Amino acid sequence: MEILKLLLIAVGSYLLGSASLSIFLSRHMFGGDVRAHGSGNAGATNMARVYGMMAGALTLAADMAKAAVSMIGGYLLLGDLGLSVGGACCILGHCFPLFHHFKGGKGVSVGGMLSLLIDWRVGLLVIGCFILMAVLSKKVSLGSICGGIACGVGSLLLVTSVPRVVLGLFAMVVVVARHKENIGRLIKGTEPDFKPAKRKPRAQPENQ
């Protein structure tokens, strides 16, 4: 019975994570695909960079909501193990969405909610590190990388539940790995500062 519950949590959370509001909004409200602009990913930061802060905020809220549903649903079915599996599969679905050719976001917004549900102290540490580094450097990517690292380190230091610690470490690896190109540009000094769009770009033909 627990195996069936685990499968339900894993599959349901992955599919929910694969649902991308940013791609839906960019296609049906802005007449394009956000992945064809900016950094090329479907996360909240790129939505703000391409279509403005409101689009970015909506994407952030939706991404955090699907992580919350996945993890709370998993917890209700199988406790901490279910919470961990739900969070891990949701962030995988977000980064590698089944519905969008496995090309999604970088796991930052999902990881933010994930860290809060692992432990509120870990969540505050992640948010604090993200804001501090992003503001000081003017580079959201650096804030995201530091927030991801804070999730793993904070889980190790502050959390006693093994499934939650494993989830925190897993999220750290996913977020940092998804930013490997940004890390390369940060080292070279070529990573651009974050600048939200003031207006949406013109729609461009898509090759699908």
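Structure first, text after, so check above.
These notes cover the structure that comes with them. (Residues numbered from 1 in each chain as written. Predicted model: local features only at pLDDT ≥ 70, side-chain atom pairs only at ≥ 80, totals over all residues. Heavy atoms only, no water.)

1. Focus: the overall build of the chain
Across its full length, the chain carries nine helices and zero strands. Reading the chain from its N terminus to its C terminus gives the helix and strand order α-α-α-α-α-α-α-α-α. Since a compact globule built from 208 residues should have a radius of gyration of about 17 Å, the 17 Å found for the chain is in line with a globular shape. Along the longest, intermediate and shortest principal axes, the C-alpha atoms of the chain span 50 × 35 × 25 Å. Within the span of the chain, comprising 208 residues, buried residues form 47% of the whole. Considering only contacts in the chain between residues 6 or more positions apart, those separated by 24 or more positions represent 65%. Carbon and sulfur atoms make up 70% of the accessible area of the chain, which totals about 10600 Å². Placing the 20 positive and 9 negative side-chain charges of the chain at their respective mean positions leaves the two points 9 Å apart. (Helix = DSSP H or I, 4+ residues; strand = E, 2+ residues; numbered from the N terminus. Rg over C-alpha atoms; globule rule 2.2 N^0.38 Å. Buried < 20%, exposed > 50% of the residue type's maximum accessible area, 1.4 Å probe, protein only. Contact = heavy atoms within 4.5 Å. Areas by Shrake-Rupley, 256 points an atom, 1.4 Å probe, with all protein chains shown as cover. Lys, Arg positive; Asp, Glu negative; His and termini not counted. Charge placed at Lys NZ, Arg CZ, Asp CG, Glu CD.)

2. With respect to helix 1 (residues 2–18)
Look at helix 1: 24 Å from first C-alpha to last across 17 residues, which is about the 24 Å you get at 1.5 Å a residue. Taken residue by residue, helix 1 has Ile9, Ala10, Ser13, Gly17 and Ser18 as its buried positions. What you see down the axis of helix 1 is that its buried residues fit within an arc of 155°, all on one side. Exposed side of helix 1, more than 90 degrees from the buried face: Leu4 and Leu8 are the residues found there. Tucked inside the fold, the buried residues of helix 1 contact helix 4 (53–95). (Expected span 1.5 Å × (residues − 1). Arc of directions from axis to C-beta.)

3. As for the packing of helix 5 (residues 108–118) against helix 8 (residues 162–178)
At a minimum axis distance of 10 Å, the contact between helix 5 and helix 8 shows a crossing angle of 160°. Classed by the angle they form, the pair helix 5 and helix 8 counts as roughly antiparallel. Here helix 5 runs over helix 8; the crossing is left-handed. Within the contact between the two elements, helix 5 uses Val108, Leu114, Leu117 and Ile118 and helix 8 uses Arg164, Leu167, Gly168, Ala171 and Val175. Among the residues making up the contact of helix 5 with helix 8, the classes are represented as seven nonpolar, one polar and one charged. (Axes fitted to C-alpha atoms, helices over the stretch in contact; angles between N-to-C directions. Parallel < 35°, antiparallel > 145°, perpendicular 65-115°, else oblique. Left-handed = near helix turned anticlockwise from the far one by under 90°. Nonpolar A, V, L, I, M, F, W, Y, C, P; charged D, E, K, R; others polar.)

4. Overview of the pattern of salt bridges
Throughout the structure, instances matching the rule amount to four salt bridges. A salt bridge links Arg121 to Asp119; the shortest N-O distance between them is 3.0 Å. Here Arg121 falls in the partly exposed class, since its relative accessible area comes to 35%. The partner of Glu191 in a salt bridge is Arg185, with the nearest N and O atoms 2.7 Å apart. Assessed through its relative accessible area of 9%, Glu191 is described here as buried. Using a relative accessible area of 28% as the deciding quantity, one classes Arg185 as partly exposed. (Salt bridge = Lys/Arg side-chain N within 4 Å of Asp/Glu carboxyl O.)

5. Considerations on the side chain of Ser18
When you line up the elements, Ser18 lands in helix 1. A residue is classified by how much of its surface remains accessible, and Ser18, at 0% relative accessible area, is buried. Apart from residues lying up to four places away in sequence, Ser18 is in contact with Gly93, His94, Phe96, Pro97, Leu98, Phe99 and His100.

6. Describing the packing of aromatic side chains
This model, assessed by the stated rule, comprises zero aromatic pairs. If you follow Arg178 out to its NZ or CZ, it ends over the ring of Phe96, 4.8 Å from the centre. (Phe/Tyr/Trp six-rings, centres within 6.5 Å; stacked < 30°, edge-to-face > 60°. Lys NZ or Arg CZ within 6 Å of the ring centre and 35° of its normal.)

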